[in-house]
Amino acid sequence: MSGEPEKATKKQKTCLQVATNVTEQKHNVSREVRGQNLGLCRGFRGCTVWLTGLSGAGKTSIAFELEAYLVSKGIPAYGLDGDNIRTGLNKNLGFSQVDREENIRRVAEVAKLFADSGVVSICSFVSPFAEDREMARKIHKDADLKFFEIYIDTPLEVCETRDTKGLYKKARQGVIQGFTGVTQAYEAPDAPDLRVSTEGMTVRESTLKLIKLLESEAIIPKFLKEDEPLPELFVAESLKTALEAEAKTLPALALTEVELQWLQILAEGWAYPLKGFMREQEYLQALHFNCLLNEDETLRVNQSVPIVLSATEADKQRLEGVSALALQYGGRTVAVLRKPEFYYQRKEERCARQFGTSNRAHPYIKMIYESGDYLVGGEIEALERIQWNDGLDAYRLTPNELRQRFREIKADAVFAFQLRNPIHNGHALLMSDCRRQLLERGYKNPVLLLHPLGGWTKDDDVPLPVRMAQHQAVLDSGVLDRDHTVLAIFPSPMMYAGPTEVQWHAKARMNAGANHYIVGRDPAGMPHPDKDLYPDGNLYDGTHGARVLKMAPGLDSIEILPFRVAAYDKSCSQMAFFDPARKQDFDFISGTRMRTLARNGENPPNGFMEPKAWQILAEYYQSLQKSQ
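Note that the structure is predicted; figures quoted are calculated from it, not measured.

1. Let's talk about unusual backbone geometry
Working step 1: Of note, the amide linkage connecting Y272 to P273 takes the cis form, showing an omega dihedral of 15°.
Working step 2: Considering the arrangement of structural elements, one finds P273 in the loop between α10 (257-268) and β7 (276-277).
Working step 3: Phi angles above zero are rare outside glycine, and D144 is one such case at about 60°.
Working step 4: Among the structural elements, D144 can be located in the loop between α5 (130-142) and β4 (146-152).
Working step 5: Even without being a glycine, Y496 presents a positive backbone phi close to 60°.
Working step 6: Summarising the element assignment, Y496 is placed in the loop between β16 (485-487) and α18 (498-511).
Working step 7: What makes Y496 buried here is its relative accessible area of 0%.

2. What to know about helix α17 (residues 464-477)
Working step 1: The terminal C-alpha atoms of α17 lie 20 Å apart, and with 14 residues this matches the ideal 20 Å at 1.5 Å per residue to within 8%.
Working step 2: In terms of burial, α17 is largely enclosed, as ten of its 14 residues are buried.
Working step 3: Among all positions in α17, only L464, V466, R467, M468, Q470, H471, Q472, A473, V474 and L475 are buried.
Working step 4: Next to the buried residues of α17 lie β14 (413-419), β15 (446-452), β16 and α21 (611-627).

3. Observations concerning the nonpolar core
A general trend in soluble globular proteins is that nonpolar side chains are found buried together.
Working step 1: Counting 117 residues, the largest nonpolar core has V49, L70, I150, W262, F277, L327 and W504 as the members making the most contacts within it.
Working step 2: Ranked by the residues each element gives to this core, the list is headed by α10, at seven residues.
Working step 3: Among the nonpolar cores identified, the runner-up in size contains 41 residues, and I423, A428, I489 and M594 belong to it.

Reading the values: the criteria
Residues numbered from 1 in each chain as written. Predicted model: local features only at pLDDT ≥ 70, side-chain atom pairs only at ≥ 80, totals over all residues. Heavy atoms only, no water. Helix = DSSP H or I, 4+ residues; strand = E, 2+ residues; numbered from the N terminus. Buried < 20%, exposed > 50% of the residue type's maximum accessible area, 1.4 Å probe, protein only. Expected span 1.5 Å × (residues − 1). Contact = heavy atoms within 4.5 Å. Core = buried A, V, L, I, M, F, W, Y, C linked by side-chain atoms within 4.5 Å.

Pasting the structure below:
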């Protein structure tokens, strides 16, 4: 809130020395160039948002909330607050009418400079006189800069209840003279660009009105809001019959099982804002920049992996030039792809960029080399939700369903954990510790999204049904708190693309409503096909996934939580965070050793894994042994 001092200072001298020998100097850098290079959101966005209203109306709270929102989206913004300005730039000014006018003039000139530099300048000042506010608007108009007058229309009696500085009380007692709203009139705007009431509204709700104004005026791109549903790519129910009839008339392209999984990812919104399989322009952006540009190329969003559909030379000859085609799986149409665009797939380039290798012994790279020589992109309309009928579809919650679940349980923080392996007590320890950290930071109900990957995995990984049964056993045992955990399946295929894929895993969870993400050692990694190439035998450095994720562009709405290394502490017979000072007490139980114990019917050390969960895992590995 903008306050006023207990006593007005000396009236400013009305006669100021005016410099006459000055000439305006033109910048070498144009506004267009500034907009092209400032922030993650390209385009010139300089403007001034002027918040006016009584002391205690909520101007500063809204201004700083808006500033934080814009900065989080990569948009340069700065809040100029009345109290802060009067402690520095304008500390020689009092509260006479002349001083108030000079105060607003100086602020307007500073705001103009900020706006001209490409910054969204957010000014929160009582500015009680309409003439002064009109002067501020004219200063911007003369400089061809946008100016938005925002009236924070909070009733006087409400403002007085928020009198944290005691200013209204002192004004009523006569200690402060000329206090706006008490002994000084406030001239409310007749036609503000936006009127905002804060009575009965949260700061976030009030700020959202300003955000929508800036979006409607094309100052900032339209971002998906927390309470808005994520756009899905399913045809509307009222149009489904017509689309099914149309699909019967269209030429068809068959999908592989992995491509059907990618179709599910697209249709459910995990890869938003993608509207279908990537066209060549989107493919190049993802492959070379790990980001996508929106339609007017003003906004960059993270998309580190290509989501593409392959086609053979024969497919291209048969389908190129059609207006639409039916996508089929198992002879059944699952979607329609509009305005298909065929382009050549340079497989070595794709693999080298995405995986850092083109080694054909890598299981996903092998699939790429076995796919068609062309890719086909286009917008899709999915006929219906994809069901796998494996007894696990109830766990396959869409991003919108997850967002709704988090709202229902009143989660104020959601931290996601990516898994493709069974859970041991070390995993449970770090997940519980993350919840503890969030509680200590002031969150009231942080919720864990336990989100095992449910798409294609390589042959020697534990199958999804076994992992889900094992995860459920961990929850049933109480090792993880069921009341603060949502167990669901992430339907993406696994690519084993290391730091590149880790960004995709985080981005998809961000779309599902997670605002914190746990990243550990060697996420999305695997042994190098040539095991002797590197000293540790791995394709990727175990620390690079976490390090890259902290630097990755376009993941503005999710905070990366570092993974503390856990190991079996022999001194207390339980999993604990590794302490280098007593490394002799710790036993790092590798996946190979765990599999060997399971196959041989032996138990791991007590405290390594919940017994029922271990039994499920052991039975699976023993069944493999018998089948061999």
